[in-house]
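Observations on chain architecture
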Amino acid sequence: MINWRRDLRRAITVGLLVWILLAYFDDLISLAKAFVAAFPGDRALVVSFTVIGLVTGYALWVLIALVFKEAVNVFKKSEEPIDLDLLHWALVQPHKGSEPTDDIVSRLSPIWEEAHSSKYTVSIEQARRQVAAHAAVTWTLGGSVLSIETHRHTKMVIPLPHPGLAAASWHHIQVDLAGLAQDAIDNRQAYNSFDEIDSALKRAVVLVAMDWRPDGYTGPLTPSDLITYAINADKAILAEHQDVITAIEKRLNDDDDKLNGVEVHSILDNFRPQQPQYVHSEAGY
């Protein structure tokens, strides 16, 4: 990908250097001859002053840039608009009728900010372990991972040849619920799994309507019971593959939170291949 701003800066710098060289070529040659003809002590003095001047100029430039950046940040902060959601929430909370609006918002802001802090959202570490769990379950059940990205869905292919639509739906259910199962193993609150749970529940409703059961399941044929069974099955799989989860999590951290299928399977290949623990029938619907 072309970085236009960087390349433009480089082009301008090179252009200025070439212009200086062409415009002052004779003067630069004369200066070089004078430098070579000077006494060694004088040359050393010139070099020393040049180095000191360059270092001092660079330090001054960095200081000016830092001061300018801080000034811009202060200006932006002073011009930052009030969060309308915070304002509306604060105004409907109990307060004295004569209390100024700014004082109400200032007084209640800490409560609002705490409620919207990272402690109530998924951490980057947890998100990495969730997508690693999706990949591990896909692999263990015989599927293939196409790509994974932190905070996004895992792209995968079911075990092929195609096992039938019902069995494929069950595979998707187990993969969808893998992140939630990993949260349970890590003893963390289940954040960021709502879309996957919703998808799994819809598939479970269809399986119940078709009167289809996964192999080995003898419990009541209800969507909630199928979901519970899938979560427990995932927990059993993941409990045996925490080394895989850790390896993928570390690689995501090292590679900007995105891996393609080849990279994922190169990690998985470092571990002993596991036969699918839950082989499903060929029945479809």
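The preceding data block contains the structure.
Everything in this summary refers to the structure shown in the same document. (Residues numbered from 1 in each chain as written. Predicted model: local features only at pLDDT ≥ 70, side-chain atom pairs only at ≥ 80, totals over all residues. Heavy atoms only, no water.)

Let's talk about the overall build of the protein chain
If you tally the helices and strands in the protein chain, you get 12 helices and three strands. Residue burial in the protein chain is summarised as follows: out of 285 residues, 29% are buried. Taking all contacts inside the protein chain whose residues are at least 6 apart in sequence as the whole, residues at least 24 apart take part in 64%. As presented, the protein chain carries roughly 18,700 Å² of accessible surface, and 62% of it is formed by carbon and sulfur atoms. (Helix = DSSP H or I, 4+ residues; strand = E, 2+ residues; numbered from the N terminus. Buried < 20%, exposed > 50% of the residue type's maximum accessible area, 1.4 Å probe, protein only. Contact = heavy atoms within 4.5 Å. Areas by Shrake-Rupley, 256 points an atom, 1.4 Å probe, with all protein chains shown as cover.)

Some details on the pattern of salt bridges
What the rule picks out here adds up to eight salt bridges. Across the salt bridge formed by Arg188 and Glu125, the nearest N and O atoms sit 3.3 Å from each other. With Arg188 in the loop between α8 (178-185) and α9 (194-209) and Glu125 in helix α6 (residues 124-140), this residue pair connects regions lying 63 residues apart in the sequence. Note on Arg188: relative accessible area 28%, which makes it partly exposed. With a closest N to O distance of 2.9 Å, Asp255 and Arg251 form a salt bridge. (Salt bridge = Lys/Arg side-chain N within 4 Å of Asp/Glu carboxyl O.)

Some thoughts on the packing of α6 against helix α11 (residues 242-254)
Two elements in contact, α6 and α11, have axes separated by 8 Å at closest approach and are oriented at 125 degrees. One finds that α6 runs oblique with respect to α11. When the axes of α6 and α11 are compared, the crossing they make is right-handed. Residues Glu125, Arg128, Arg129, Val131, Ala132, Ala133, Ala135, Ala136 and Trp139 of α6 pack against Gln242, Val244, Ile245, Thr246, Ile248, Glu249, Leu252 and Asn253 of α11. Residues belonging to the contact of α6 with α11 are distributed by class as follows: 10 nonpolar, three polar and four charged. (Axes fitted to C-alpha atoms, helices over the stretch in contact; angles between N-to-C directions. Parallel < 35°, antiparallel > 145°, perpendicular 65-115°, else oblique. Left-handed = near helix turned anticlockwise from the far one by under 90°. Nonpolar A, V, L, I, M, F, W, Y, C, P; charged D, E, K, R; others polar.)

Some remarks on the pairing of strand β1 (residues 144-149)
Where β1 and strand β2 (residues 155-157) come together, three bridges link them in antiparallel fashion. Note on β2: the bridge partner recorded for Ser147 is Lys155. In this antiparallel pair of consecutive strands, β1 and β2, the connection spans five residues, and His151 shows a positive phi of 70 degrees. Sheet topology note: the β1/strand β3 (residues 258-260) ladder contains three bridges and is antiparallel. Across the sheet, the residue bridging to Ile148 is Leu259, located in β3. (Pairing = 2+ DSSP bridges.)

Things to note about the packing of helix α7 (residues 165-176) against helix α10 (residues 223-239)
Following both chains from N to C, one finds α7 and α10 inclined at 65 degrees, their axes separated by 9 Å at the closest point. The interaxial crossing formed by α7 with α10 has right-handed handedness. Packed against α7, whose contacting residues are Trp170, Ile173 and Gln174, the element α10 presents Leu226, Ile227, Tyr229, Ala230, Ala233, Asp234 and Ile237 at the interface. In terms of residue class, the contact of α7 with α10 is made up of eight nonpolar, one polar and one charged.

Some thoughts on the packing of aromatic side chains
One pass over the structure, following the stated rule, counts three aromatic pairs. Seen from their ring centres, Tyr217 and Tyr229 are 4.9 Å apart, and the 50 degrees between their planes marks the pair as tilted. Of the two residues, Tyr217 is situated in the loop between α9 and α10 and Tyr229 in helix α10; the sequence distance between them amounts to 12 residues. (Phe/Tyr/Trp six-rings, centres within 6.5 Å; stacked < 30°, edge-to-face > 60°.)

Remarks on the environment of Asp257
Inspection of the secondary structure assignment puts Asp257 in the loop between α11 and β3. For the pair Asp257 and Arg128, spaced 129 residues apart in sequence, the C-alpha to C-alpha distance is 7.6 Å. The residues contacting Asp257, other than those within four sequence positions of it, are Ile124, Arg128, Ile148, Glu149, Thr150 and Leu252. A polar side-chain atom of Asp257 sits 2.6 Å from a polar atom in the side chain of Arg128. (Polar contact = N/O pair within 3.5 Å; in protein donor to acceptor, adjacent residues only side chain to side chain.)

Some details on the sheet that holds β1
Reading across the sheet, the three strands line up as β2-β1-β3 and stay open at both edges, with antiparallel pairing between neighbours. Both outer strands of the open sheet, β2 and β3, are each paired with one neighbouring strand and no more. Between one strand axis and the next, the sheet turns through 10 degrees on average, direction left out of account. Contacting β1 and β3, helix α12 (residues 261-268) crosses the sheet at an angle of about 85 degrees to β3.

Focus on unusual backbone geometry
Pro161 follows Leu160 through a cis peptide bond whose omega is 5 degrees. Here Pro161 lies in the loop between β2 and α7. The phi angle at Asn187 is positive, at roughly 60 degrees, despite the residue not being glycine. One non-glycine residue with positive phi stands out, namely Asp211, at about 60 degrees. Mapped onto the fold, Asp211 is located in the loop between α9 and α10.

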